[in-house]
Number of protein chains: 2
Amino acid sequence: MHLAFHPRSVAVAGVSTTGTSWFGGRMFIDGMRHFDRVKRIYALNPKGGTLADGTRVYADLSAIPDDVDLLISAVPAPTILDLIDAAAAKGVKVMHLFTAGFGETGDAERVALETEVMRRLTAAGIRLIGPNCMGIHSPITGLSWMADTSCDIGRIGMFSQSGMNATMIVDGAERRGLRFSYGVSYGNATDLNECDYLEYLAENEETDIVLGYIEGVKDGPRFVESARRVSDRKPLVILKGGQTEAGSRAAGSHTGSLAGSIDIWRGVSRQARFIVVDRIDELIDMAVAVQFLSRTAGRNVAIIGGGGGASVLAADACSRAGLFVPALADATQAALGEFIPAAGTSIRNPVDITSLWHGGDEFRRTVEIVAADANIDMLIVHFNVDGASITDRDRAEANLLTHMRAALEVSAKPIAAVTHPPRTPDGMAMQGRLYEQLSAMGIGNFRSIEECAAALRRFLDWREASA
Amino acid sequence: MHLAFHPRSVAVAGVSTTGTSWFGGRMFIDGMRHFDRVKRIYALNPKGGTLADGTRVYADLSAIPDDVDLLISAVPAPTILDLIDAAAAKGVKVMHLFTAGFGETGDAERVALETEVMRRLTAAGIRLIGPNCMGIHSPITGLSWMADTSCDIGRIGMFSQSGMNATMIVDGAERRGLRFSYGVSYGNATDLNECDYLEYLAENEETDIVLGYIEGVKDGPRFVESARRVSDRKPLVILKGGQTEAGSRAAGSHTGSLAGSIDIWRGVSRQARFIVVDRIDELIDMAVAVQFLSRTAGRNVAIIGGGGGASVLAADACSRAGLFVPALADATQAALGEFIPAAGTSIRNPVDITSLWHGGDEFRRTVEIVAADANIDMLIVHFNVDGASITDRDRAEANLLTHMRAALEVSAKPIAAVTHPPRTPDGMAMQGRLYEQLSAMGIGNFRSIEECAAALRRFLDWREASA
C-alpha cells in the first residue's frame, strides 16, 4: 500500500504522441511533471516516438531500462490482458487502471474480463488501483492526474470512488485555501478498496482529516472497522452517492457498485462515528471547519456584517442549523453603541456593519468588543462581493483585508468569513482572491451562512460524541 | 393604492447636489430617469441648485409649479415633520419615507416620532409607504431605486420588508431571465402594509406570481385573508425573516417587527396556502419554476448530462427532494444504446452525456428519445461551466446553445437547465450569458440540482393542493 502512494518509478501505458485530447495517458505524465517529485517517469505506446516535451516513448514495457514500481494503464480494455502479462514479466508492483469498460458496463463479457484481470494480477502479486478511475493525487508524492493544482503540501486526505468528484473536491478545496496530503480516485475497487485507503490514511501522520466520496462498500464489517479506525484519530467525512433508488441505479452504471440502503448506511455511520454530508461542497466545508475553526469553545456565534435583511436571514440560518446566536451582553451593546449609529442597524447580535469595504477602524473595534463578550465562542463575518457600494474594487478589497488582519489581532476567538454567492464575474474574481488571502491569514471561508453553520454544527456534534 | 404605484408626478426631498454617495435621494431620481416613464420629476433640497444632469433643484415643495402625487423623502428623521406639513399644504397623495430612524431603533423618542408622523399624515389624508424602506420598483410605472435593472416589463410581483433583500430578489431574478411587473420594499409598514400590497397584487392582471419577504405581520387575520386572495389566483411564495429567536431579535432592530413564532407562521401558511421558502434564491427558483416549467405533467424527471459521479449525486438530490427519477423504458434505453458508448456512461436515467460542449447531434437525439418516453414528465439538463474540457469557450458556448435550441424543437416536455455553481470568473461570465440566452428560449435556469428539484416539488405540491 505504501508503494501505491510512493512509487520510486512510474510508467504510463497508452500515451498518445499525436492526439490532441487531454483525456488519456498524457494526463498522468503532465501531472507528475507539474509536481516534479517523481523523477523516473516512462511513457509507453506501441508506436514509440517522443512527446512534445521531448519525453521518449517506449514501444514496450520490457524496453524500459529501469524497474517499474507503478504502471498506469490508459490502454483500451480489450488490450489490457497483454499489458498485465508484460507487467508481470517486468516485476511491476502496483497497477493503476485508468482503463474503463469492465463490470460497470453490466455487459457479461466485460464482467468476465474484470475477473480475469484480477486473476492474472493476483497470480503476479501485483496490487490494483481501479479500474475505471483517476488513481493517486498526492502533493507529497507528486502523483496526480491534474497539472493545475497547487504543489503545496497540506494535511487533508481524500478518497473518492468517482474521478470527477475527486477532481471537484480537490479543485473546490484548493480554491478555499485548503491543501492535500494524499488522495485517491479508486473506481471499481476490484482489489484495493475504500478500506485499504482508509486504513492507510488513519495511520498516516501527515493527514489531519479525511474526506470521502463512496458509491458502494465491498465488505461492510471491515468498512465499519476501517472507518472507525480513522474516526478514533481524526474527523472522517463521507458523502455517500447512491443513497436513493435512482442514485443507486446510477452508481451501478458508474462504478458497478451495489449501493445498499440508506438505513443501513445511517447505521454504519453511527457505528463508525463518521460525519455524513450530502454535497461535495459540504465535504469541503467540513475541512474548512476542522482546519480553521476547530478551537471554537462552543456553539455561540456572533454574526457581524451584512445589513438589516441579510442579518435577519443569517441569524435564522445559524439558529436553524443548531448554533446559538445569543444577544450580546448589555456592556457589549453599550460599547458598540458608542460608535455604531442606531438608525437602520442592530448591535444586539447580529451586528449590522456595512463598512467592511471602507476605511476607518469601525470593524476592528466591533470585533474587539464582540470577541471579548464571554458568551461568544466564534465570530462569523459575512459580506456581499457584488455590492453596488463597491465602486473602487481594488481599494475596497485592500480595506477588507486590512480590517480582517486587524480583527485577527484583537480576537482570541476564531473567525469565519462568509462571502455571499457572487452573481458577477468581478464578484467571483474578488471572492477567489479573498479566499486565498483570508485563508492564508487563518480565517476559514464559506460560500453561505447556511453552509458555514451546518459545517460548524457537524464538527461540534462529532467533537462532543468523540469526547 | 393605485396612485402609490401609478403617480402622475413625483418629487424627491433630500436630493444632494454635491454629495458623492449614491445612497440617498439621488437614487430615486436616477431610477426614474433610467426607466424614463415618469415624466414629471422634481428634486428638492433647501439649498436649491441643479444636479449634474441639469435637473433643477427646488428649495421648497411649495415652489414646484405642478401637483405632486408621490413625495419621496430622503431627509433625516428629525426634519420629517416639517416636510409632512409642507406635503399636506401641497396636497400630496402618497409619501414614501426612505427616511429611517424611527420605531426600529427601539429608542422611545423615535417611537414617539413615528406615531406623530402617522398622526399628521392621517390628518392630511396622505398614505404612507415605509418608513425605512426603498419604496416602489416597477418597470410598468417606471419607479425604482435601482438604475441598473432591466426596463423590460415582466409578470412577477414582489413585496419585501427589507430594501436590501428586495434588491437581491430583483437582481438575482433578472440574472436568471425573469422580469417584474410591480414590486415594493415597505420597511416598517406603519400605514400601508403587506396586506395592502398583497391585495393589490392579487387583483392585478399584469402579475402571474408574487414573491415576498416578510419580517412581521401587523394583522394576522387580515394577512391570512389577503394572502389567500393571492393564492386563489396565482402562486404566492413567502420568505419569512425572523423565524428563530435570534432572527426575530434582528428583525426587531431592522424593521421594528414582532416576528411571532414559527409554529404560528406554519399554521398561517397552511391556511392561506402559500409556498414557504428559507432563502432568497429559493424565492427566485419558484418564479423560474412557475414561469418556465409549470406545464410539466408530473414529478417524473429525466436527468441528462454530467458524467458518472455528478449523475449519481443528481439522482440522489432529485429523489431526496421528492421528485421521481424512473428508469427509462427498455425501448428508450435500446434507442440510446445505439449511439451512446457503454464504457463509463449510463443510459438508464440519469443519462450521462458529456458532449454538450462539442459538435454533433448526440444531445438532440438523446433529448428526442428521452422526451418521447411516456414515463417522463420533464427533463433536467445539467453541466459544469468550469470544465477543463472547455478549451475554446466561444465555440463551446455556441455549441451548447445550438444543442438546447434543437432540444426544445424535439421535446414536447419542459426542459430545465442546471449550471453547477461556477468556481471561476470565466465560468461565472458564461453562466450569466447562458441564463440570459436559455431563458429567452424558454428554458428555466437553476443554480443547482438541489434547488431545481426543491422548486419543482414545491410548485407541484401547491398545484395539487390547489386543484
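For the structure itself, consult the block above.
These remarks concern the structure in this document.

Rules of the game
- Residues numbered from 1 in each chain as written.
- Chains lettered and ligands numbered in written order.
- Predicted model: local features only at pLDDT ≥ 70, side-chain atom pairs only at ≥ 80, totals over all residues.
- Heavy atoms only, no water.
- Helix = DSSP H or I, 4+ residues; strand = E, 2+ residues; numbered from the N terminus.
- Rg over C-alpha atoms; globule rule 2.2 N^0.38 Å.
- Buried < 20%, exposed > 50% of the residue type's maximum accessible area, 1.4 Å probe, protein only.
- Contact = heavy atoms within 4.5 Å.
- Least-squares fit on C-alpha atoms with pLDDT ≥ 70 in both.
- Salt bridge = Lys/Arg side-chain N within 4 Å of Asp/Glu carboxyl O.
- Arc of directions from axis to C-beta.
- Phe/Tyr/Trp six-rings, centres within 6.5 Å; stacked < 30°, edge-to-face > 60°.
- Buried area = accessible area lost by both parts, 1.4 Å probe.
- Pairing = 2+ DSSP bridges.
- Right-handed = clockwise from strand over helix to strand, strands pointing away.
- Axes fitted to C-alpha atoms, helices over the stretch in contact; angles between N-to-C directions.
- Left-handed = near helix turned anticlockwise from the far one by under 90°.
- Nonpolar A, V, L, I, M, F, W, Y, C, P; charged D, E, K, R; others polar.
- Disulfide = S-S within 2.5 Å.
- Parallel < 35°, antiparallel > 145°, perpendicular 65-115°, else oblique.
- Polar contact = N/O pair within 3.5 Å; in protein donor to acceptor, adjacent residues only side chain to side chain.

A separate point is the overall build of chain A. A count of helices and strands for chain A gives 16 helices and 16 strands. For chain A, whose C-alpha radius of gyration is 25 Å, the value lies close to the compact-globule estimate of 23 Å for 467 residues. Each principal axis of the C-alpha distribution contributes one length, and for chain A these read about 80 × 50 × 35 Å. Considering chain A as a whole, with its 467 residues, one finds that 62% of them fall into the buried category. Considering only contacts within chain A whose residues lie at least 6 apart along the sequence, 77% involve residues at least 24 apart.

Structural alignment of chain A on chain B gives an RMSD of 0.0 Å, achieved by rotating through 180° and translating 0.0 Å along the axis. In the structure described here, the two chain copies are related by an operation that fits a two-fold rotation axis. Using C-alpha coordinates, one finds that chain A approaches the rotation axis most closely at P425 of chain A, a distance of 2.3 Å.

Attention now goes to the pattern of salt bridges. The full count for this structure, using the stated rule, is 68 salt bridges over all chains. For D85 of chain B, the salt bridge identified is with R120 of chain B, shortest N-O distance 2.8 Å. Taken together, the residues span a long stretch of sequence, with D85 of chain B in helix α3 (residues 80–90) and R120 of chain B in helix α4 (residues 108–124) at a distance of 35 residues. D171 of chain B is paired through a salt bridge with R175 of chain B; the nearest N and O atoms lie 3.1 Å apart. With D171 of chain B and R175 of chain B both in helix α5 (residues 163–175) and four residues apart, this pair spans about one turn of that helix. Under the relative-accessibility criterion, D171 of chain B is labelled partly exposed at 26%. Here the salt bridges do not stand alone but share partners, grouping D171, R175, D281, R447 and E451 of chain A together with R423 of chain B into one network.

Moving on, we get to helix α9 (residues 262–272) of chain A. Working note: α-helix, 3.6 residues per turn, so residues spaced by three or four point in the same direction. Residue and element names in this part refer to chain A. All of the buried residues along α9 are W265, V268, S269 and A272. Projected down its long axis, α9 carries its buried residues within an arc of 100°, all on one side. Opposite the buried face of α9, at more than 90 degrees from it, the exposed residues are D263 and R270. At the exit of α9 stands R273, carrying a positive phi of roughly 55°.

With that settled, consider the packing of aromatic side chains. Residues and elements named next belong to chain A. Tallied over the full model, the rule gives 24 aromatic pairs over all chains. Between F159 and Y186 the ring centres are 6.4 Å apart and the planes differ by 25°, which places this aromatic pair in the stacked class. Of the two residues, F159 sits in strand β8 (residues 156–160) while Y186 sits in the loop between β9 (180–185) and α6 (194–203), which places them 27 residues apart along the sequence. Judged by its relative accessible area of 0%, F159 falls in the buried class. Where F223 meets F274, the ring centres are 6.1 Å apart and the plane angle is 75°; that geometry is what we call edge-to-face. Note that F223 is positioned in helix α7 (residues 220–231) and F274 in the loop between α9 and β12 (275–277), a separation of 51 residues in sequence.

With 69 residues of chain A at the interface, the matching set in chain B holds 69 residues. Counting the surface lost from both chain A and chain B, the interface buries some 5,100 Å², and carbon and sulfur atoms represent 58% of this. Contact with chain B buries area across many residues of chain A, yet R249, R423 and M428 of chain A alone supply 15% of it, more than any other trio. Where chain A packs against chain B, one counts eight salt bridges.

Below, the discussion takes up the pairing of strand β14 (residues 378–384) of chain A. All names here are of chain A. Most of β14 sits inside the fold, with seven of its seven residues counted as buried. Burial along β14 is two-sided: the residues M378, I380, H382 and N384 and L379, V381 and F383 are all buried. Of the strand pairs in this sheet, β14 and strand β15 (residues 415–420) are connected by six bridges, and their pairing is parallel. Along β15, the bridge assignment pairs N384 with H420.

With that out of the way, let us pick up the pairing of β15 of chain A. All names here are of chain A. Within β15, six of the six residues are buried, which leaves the element mostly enclosed by the surrounding structure. Of the two faces of β15, both are covered, the one formed by I415, A417 and T419 as well as the one formed by A416, V418 and H420. For β15 and strand β16 (residues 444–446), the ladder comprises three bridges, and the chain directions are parallel. Opposite A417, over in β16, you have N445 as the bridge partner. The parallel pair β15 and β16, bridged by helix α15 (residues 425–441), forms a crossover whose chirality is right-handed.

All names here are of chain B. Reading across from one edge, β7-β9-β8-β10-β11-β12 is the order of the six strands in this open sheet, with mixed pairing throughout. This sheet does not close on itself; its edge strands, each paired only once, are β7 (135–137) and β12 (275–277). Adjacent strand axes in the sheet meet at a mean angle of 15°, parallel and antiparallel pairs treated alike. The sheet contact formed by β7 and strand β9 (residues 180–185) spans three bridges and is antiparallel. In the sheet register, I136 faces β9, and the bridge partner there is V184. Running over the sheet, helix α7 (residues 220–231) touches β10 (209–214) and β11 (236–240) and is turned about 140° from β11.

Residue and element names in this part refer to chain A. The geometry of helix α10 (residues 280–293) relative to helix α16 (residues 449–466) is characterised by a closest axis approach of 9 Å and an angle of 65° between their N-to-C directions. Where α10 crosses over α16, the two elements pack in a sense that is right-handed. Of α16, the residues touching α10 (which contributes D281, E282, D285, M286, A289, V290 and L293) are E451, A455, L456, R458 and F459. The residue makeup of the contact of α10 with α16, split by class, is seven nonpolar, no polar and five charged.

On to unusual backbone geometry, then. All names here are of chain A. At the junction of G130 and P131, the peptide bond is cis and its omega measures out at 0° in the coordinates. One can find P131 in the loop between β6 (127–129) and β7 (135–137). A positive phi angle, close to 70°, is found at N132, a residue other than glycine. Relative to the assigned elements, N132 resides in the loop between β6 and β7. Backbone geometry places A189, a non-glycine residue, at a positive phi of 55°. Residue position: A189 is located in the loop between β9 and α6.

On to the environment of A11 of chain A. Relative to the assigned elements, A11 of chain A resides in strand β1 (residues 9–13). Note: C-alpha distance between A11 of chain A and G31 of chain A (20 residues apart in sequence) is 13 Å.

Residues and elements named next belong to chain B. Applying the stated criterion across every chain, the model contains zero disulfides over all chains. Sulfur of C133: no disulfide; nearest cysteine sulfur belongs to C195 and is 16 Å away. Sulfur of C452: no disulfide; nearest cysteine sulfur belongs to C318 and is 6.5 Å away. With relative accessibility at 0%, the residue C452 sits in the buried group.

Residue and element names in this part refer to chain A. Interaxial distance between helix α11 (residues 308–321) and α16 falls to 9 Å at its minimum, and their mutual angle equals 25°. As far as their axial angle goes, α16 and α11 are roughly parallel. When you trace α11 past α16, the crossing you get is right-handed. Residues A314, A317, C318 and A321 of α11 form the contact with α16, whose participating residues are I449, E450, A453, A454 and R457. Among the residues forming the contact of α11 with α16, the class breakdown is seven nonpolar, no polar and two charged.

All names here are of chain A. Its place among the elements puts Q333 in helix α12 (residues 330–337). A distance of 3.2 Å separates a polar atom in the side chain of Q333 from the backbone oxygen of L328. In this view, Q333 contacts L328, I347 and R348; residues no more than four positions away in its chain are not counted.

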